[in-house]
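# Notes for the structure review
The lines below spell out each chain.
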Amino acid sequence: MKTKKKKTFNEVVHSRTFHDNLTGYLLIMPNLVGFTVFTLFGIIFSLTMAFTDWNIIKGYDVANWVGIKNFTDMVGDTYLNACIRNNLLLLLVIPVTLFLAMIIASVLNNLVYGKAGARALYFLPYVTNIVAVATVWRALFHNTQGPINMFIKAFGVAEENLPGWLSSSDWALPAVMIVLLWMNIGYDILMYSGAIANIPKELYEAAEMDGANTAQQFFNITIPQIKPTTFLLMILGIIGSLQMWSFVQIITKGGPGTATYTIGLYIYKCSFLTHRDGYACALSWFLTAIIMVVTAIRWKTESTFDAE
C-alpha cells in the first residue's frame, strides 16, 4: 500500500490552488482594508468609548473610564423616553404605507396604458433630495399661510381650530408621519408591482370562475402571494424608521420640545451639540441592540411569511 507523499513548500507555492487563493485574497484586499479601517475599527472604538466620559473636543486621551454609567443613565433619561415613544409611533406609518402600496400596485398592474409612467411618478419622492422635500413640506405645513391649512379653512374651519402642524407639539409628529408615508410609498409600490406581476394568472382565472369579486381576489390571492415581499418591506421599514434622524433634523430639529425627537437624532445631538460622545456611543449600541432584536425576530418568523 502506497503512502501519500507530502507536498514540499515549493510545490504548494506553485500549485494552482495556491495561486487561485492568492488571486482571490488580492482582489478582496482593498475592500478588506477599507472595512477594517473605516468600519471594524469604528465599531471597536465606539464600544470602548461607550464606557467612558469621552468628549471629542478634549480628545480621547483624557477620557475617564466610567463603566456602565452611560447605560444606567439611560433609565431615567426623559429625552430618551420621548425618543422611544416617538420611534414607536413612527412605526405605525409602516403598515399604512404597505397596505396603500398594495392597493395602488394592484390597480396599476391592471392598467393597460400608462402604468410605467405612473410608477415613475410614485417613485419620484423616494429619490428626491431630502433637503428639497423638507423645505417644500415646511412651506405646505405653515400654520397660517400654508396651502394645507388654507385648504382646510376653505371648508369653514375657524382659524383658531386649524392644526398647528410643525409648530405644534401635538401635530408635529403626525405631520412628519404624513411626509414619510408620501416619501416611502413609491418604493413599496415598485416592489409590490414586481411581486404581483409574478403571481400566476391562473389563480385569478380560477377565482373568477368560482364567482370571486375583485376584493375577494385581492384579499385571498394577492395578499397571500406577496407575503415574502411584505415581510421584506416591513423589516426594511422598521430598521429605516429606527435609524431615521436626518429628515427630522432638517424639517423640525426634533421640536417643538421633544415632540419629534428620535433615537438617531438624540445620538447626533449628544455627540455634535452637547459633546457627550461617550453617552452617544452608548446610545448607538442601545439602538444597535434594538435592531439586532428586530433582525433576530425576522429570522425566526421568516418561514411564516412564505407565499401560500
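Below: a short report on this structure.

Each value, and the rule that gives it
- Residues numbered from 1 in each chain as written.
- Predicted model: local features only at pLDDT ≥ 70, side-chain atom pairs only at ≥ 80, totals over all residues.
- Heavy atoms only, no water.
- Helix = DSSP H or I, 4+ residues; strand = E, 2+ residues; numbered from the N terminus.
- Rg over C-alpha atoms; globule rule 2.2 N^0.38 Å.
- Buried < 20%, exposed > 50% of the residue type's maximum accessible area, 1.4 Å probe, protein only.
- Contact = heavy atoms within 4.5 Å.
- Lys, Arg positive; Asp, Glu negative; His and termini not counted.
- Salt bridge = Lys/Arg side-chain N within 4 Å of Asp/Glu carboxyl O.
- Polar contact = N/O pair within 3.5 Å; in protein donor to acceptor, adjacent residues only side chain to side chain.
- Arc of directions from axis to C-beta.
- Axes fitted to C-alpha atoms, helices over the stretch in contact; angles between N-to-C directions.
- Parallel < 35°, antiparallel > 145°, perpendicular 65-115°, else oblique.
- Left-handed = near helix turned anticlockwise from the far one by under 90°.
- Nonpolar A, V, L, I, M, F, W, Y, C, P; charged D, E, K, R; others polar.
- 1 Å grid on protein atoms, 1.4 Å probe; cavity = no way out; pocket = protein on both sides within 12 Å on 5 of 7 lines; lining within 4 Å.
- Points joined across faces, edges and corners; volume = space filled by probe spheres on them.
- Phe/Tyr/Trp six-rings, centres within 6.5 Å; stacked < 30°, edge-to-face > 60°.

Here we take up the overall build of the protein chain. Along its length, the protein chain carries 15 helices and 0 strands. A compact globule built from 308 residues would reach a C-alpha radius of gyration of about 19 Å, whereas the protein chain, at 26 Å, exceeds it by more than 25%. Overall, the protein chain is about 95 × 65 × 30 Å in size when its C-alpha atoms are taken along their principal axes. Counting only residues that meet the buried cut, the protein chain has 35% of its 308 residues in that class. Sequence-distant contacts in the protein chain: of pairs separated by 6 or more residues, those separated by 24 or more amount to 65%.

What follows is about the side chain of K269. Looking at the secondary structure, you find K269 in helix α14 (residues 263–272). We note that K269 is buried and unpaired, the nearest opposite charge coming from D77 at a distance of 13 Å. Only 2.7 Å separates the side chain of K269 from the backbone oxygen of K253, close enough to count as a polar contact. With sequence-adjacent residues up to four places away left out, K269 is seen in contact with Q249, K253, Y261 and T274.

With that settled, consider unusual backbone geometry. Geometrically, the link from G255 to P256 is a cis peptide bond, its omega value of -5° lying close to zero. Along the chain, P256 turns up in the loop between α13 (246–251) and α14. Its identity as a non-glycine residue notwithstanding, W165 has a phi of 50°, on the positive side. You can see W165 is positioned in the loop between α8 (147–153) and α9 (172–197). Even without being glycine, K253 reaches a positive phi, approximately 60°. With respect to the secondary-structure elements, K253 resides in the loop between α13 and α14.

Of all the positions in helix α7 (residues 130–140), only V133, A134 and W137 are classed as buried. Take α7 and look down its axis: the buried residues cluster within an arc of 95°, on one side only. Of the surrounding elements, those touching the buried residues of α7 are α8, α9 and α13. The N-cap residue of α7 is N129: its side-chain oxygen and the backbone nitrogen of V131 are 2.8 Å apart.

Turning to the packing of helix α5 (residues 93–109) against α9, a few remarks are in order. The N-to-C vectors of α5 and α9 enclose an angle of 45°; their axes lie 7 Å apart at closest approach. With respect to α9, the axis of α5 lies oblique. As α5 packs across α9, the resulting crossing turns out to be right-handed. Contacts between α5 and α9 involve V93, V96, T97, L98, L100, A101, M102, I104, A105, S106, L108 and N109 on the former and, on the latter, M177, L180, L181, N184, I185, D188, I189, Y192, S193, I196 and A197. Residues that form the contact of α5 with α9 fall into these classes: 17 nonpolar, 5 polar and 1 charged.

At a closest axis distance of 11 Å, the pairing of helix α10 (residues 201–209) and helix α11 (residues 214–225) adopts a crossing angle of 160°. Between α10 and α11, the interaxial angle falls into the category roughly antiparallel. Handedness of the α10/α11 crossing: right-handed. Contacts between α10 and α11 involve L203, Y204, A207 and E208 from the former and Q217, I221, T222 and Q225 from the latter.

In this structure, the largest pocket encloses a volume near 570 Å³. Y126, N184, G237, G240 and S241 are the residues nearest the centre of the largest pocket, which is lined by 22 residues in total. For the lining of the largest pocket, the secondary-structure elements that each account for two or more residues are α5, α9, α12 (227–243) and α13. In terms of residues, the lining of the largest pocket owes the most to one element, α12, which gives 6 residues.

With that settled, consider the pattern of salt bridges. One pass over the structure, following the stated rule, counts 2 salt bridges. For the salt bridge of E159 with K153, the shortest nitrogen-to-oxygen distance reads 3.3 Å. Judged by relative accessible area, E159 falls into the partly exposed class, the value being 47%. For K153, a relative accessible area of 40% translates into the label partly exposed.

Let us now look at the packing of aromatic side chains. Applying the stated criterion across every chain, the model contains 19 aromatic pairs. Consider the rings of F45 and W54, whose centres lie 5.2 Å apart with planes at 90°: the pair is edge-to-face. The class of F45 is partly exposed, set by a relative accessible area of 25%. Taking the relative accessible area as the measure of exposure, W54 reaches 12% and is therefore buried. For the ring pair F141 and W165, a centre distance of 4.9 Å and an interplane angle of 45° mean the geometry is tilted.

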